[in-house]
Amino acid sequence: MEAITTFKNEKRGITLDKEFQQKLAQIMKENDWHLGIGDVSNATGVSQTKLRYWERKGYIESTQGKGQNRKFTYSMLMKVYQMKLLLDQGHTLAVAAQKAESKSHELKLLKQVLFDRFEGMAEIDGHPAVNLGFLDDREDSLLYAVVKKDGTKFKVVPVKK
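Just so we're clear, the structure is a prediction, and the values are computed from it rather than from any experiment.

Turning our attention to the confidence of the model for the protein. Overall, the prediction assigns the protein a mean pLDDT of 84, with 80% of residues at 70 or greater. This stretch, residues 7-15, has a pLDDT under 50; its non-local contacts, to residues over four places away or in other chains, come to nine contacts.

Now the structure itself:
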């Protein structure tokens with residue numbers, strides 16, 4: 001029988017109640033972290049000159065207020081990194097941008113799934129586990145993503161009523 005421990009306030013410092021989770025998910029949907037062009041360049045290895053060029057060509061975008069420096073979202077940082085990897089593999093800039101945009105869409109979907117399903121953290125048999133909520137509408141079992149050294153496995157755990 002597996003041992004399940006739900007992380008409580010005394011272990012993590014915060015209580016992840018449903019209202020907090022919903023507010024956090026809303027904040028994450030509506031906001032994105034912003035990084036300067038130097039930060040993006042340092043993180044990806046793409047020169048600031050190339051980043052400006054890519055932006056002029058319409059492959060990436062930034063926000064820039066009056067008299068302010070360019071600011072890139074975290075999502076755009078990931079797109080730049082994907083583009084660099086694809087360029088390093090021999091793809092053209094246009095193809096790299098197209099493939100990176102497709103990957104960005106996939107990452108947005110993954111982010112949505114995680115925020116929609118996240119119910120909290122637990123420990124199962126000594127391993128950290130993410131509670132992804134009820135498996136189905138019967139609400140008689142929970143789905144956990146159990147993180148182990150050899151990878152993440154899913155575990156269905158019956159709910160005791």
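Each packed pair of helices is defined by two parameters, the angle between the axes and the distance between the axes. One can describe the packing of helix H5 (residues 74-88) onto helix H6 (residues 93-117) by two numbers: an axis separation of 8 Å at closest approach and a directional angle of 135 degrees. It follows from the interaxial angle that H5 and H6 lie oblique. Crossing handedness for the pair H5 and H6: right-handed. Together, Ser75, Met78, Lys79, Gln82, Met83, Leu86 and Leu87 of H5 and Leu93, Ala96, Ala97, Lys99, Ala100, Glu101, Lys103, Ser104 and Leu107 of H6 make up the contact between the two elements. Of the residues assigned to the contact of H5 with H6, the class counts are nine nonpolar, three polar and four charged.

Bringing H6 into the picture now. Its 25 residues give H6 an end-to-end C-alpha distance of 36 Å, which sits within 8% of 36 Å, the value for a rise of 1.5 Å per residue. In this structure, the buried side of H6 is in contact with helix H4 (48-57) and H5.

Moving on, we get to the environment of alanine 100. Looking at the secondary structure, you find alanine 100 in helix H6. In this structure alanine 100 touches Lys79, Gln82, Met83 and Leu86, once residues within four positions along its chain are discounted.

Together, Leu107, Leu110 and Leu114 make up a nonpolar patch on the protein surface, roughly 260 Å² of accessible area in all. Structurally, leucine 107 is set in helix H6.

Attention shifts here to helix H3 (residues 37-44). Working note: α-helix, 3.6 residues per turn, so residues spaced by three or four point in the same direction. Of all the positions in H3, only Ile37, Val40, Ser41 and Thr44 are classed as buried. Along H3, the residues classed as buried sweep out an arc of 100 degrees about the axis, all on the same side. Pointing more than 90 degrees away from the buried face of H3 are the exposed residues Asn42 and Ala43. Here the buried face of H3 lies against strand S2 (34-36), H4, strand S3 (71-73) and H5. Immediately beyond the C-terminal end of H3, within one or two residues, lies glycine 45, with a positive phi of roughly 80 degrees.

Backbone geometry places aspartate 125, a non-glycine residue, at a positive phi of 50 degrees. Checked against the element boundaries, aspartate 125 lands in the loop between strand S4 (120-124) and strand S5 (127-134). Even without being a glycine, glutamate 139 presents a positive backbone phi close to 55 degrees. Following the sequence through the fold, glutamate 139 ends up in the loop between S5 and strand S6 (141-148). Exposure remark for glutamate 139: the relative accessible area of 41% places this residue in the partly exposed category.

Turning next to the nonpolar core. If you look at the biggest cluster of nonpolar residues, it comprises 14 residues, and the most contacted ones within it are Val40, Leu51, Trp54, Ile60, Phe72, Val80 and Met83. At the level of secondary structure, the elements contributing two or more residues to this core comprise H3, H4, H5 and H6. Sorting elements by how many residues they give to this core places H5 first, with four residues. Membership of the second largest hydrophobic core comes to seven residues, among which are Ala122, Ala129, Leu142 and Val157.

Conventions adopted
- Residues numbered from 1 in each chain as written.
- Predicted model: local features only at pLDDT ≥ 70, side-chain atom pairs only at ≥ 80, totals over all residues.
- Heavy atoms only, no water.
- pLDDT = per-residue confidence, 0-100.
- Contact = heavy atoms within 4.5 Å.
- Axes fitted to C-alpha atoms, helices over the stretch in contact; angles between N-to-C directions.
- Helix = DSSP H or I, 4+ residues; strand = E, 2+ residues; numbered from the N terminus.
- Parallel < 35°, antiparallel > 145°, perpendicular 65-115°, else oblique.
- Left-handed = near helix turned anticlockwise from the far one by under 90°.
- Nonpolar A, V, L, I, M, F, W, Y, C, P; charged D, E, K, R; others polar.
- Expected span 1.5 Å × (residues − 1).
- Patch = residues over 30% accessible without salt bridge, like charges linked within 9 Å, V, L, I, M, F, W, Y side chains within 5 Å.
- Areas by Shrake-Rupley, 256 points an atom, 1.4 Å probe, with all protein chains shown as cover.
- Salt bridge = Lys/Arg side-chain N within 4 Å of Asp/Glu carboxyl O.
- Buried < 20%, exposed > 50% of the residue type's maximum accessible area, 1.4 Å probe, protein only.
- Arc of directions from axis to C-beta.
- Core = buried A, V, L, I, M, F, W, Y, C linked by side-chain atoms within 4.5 Å.

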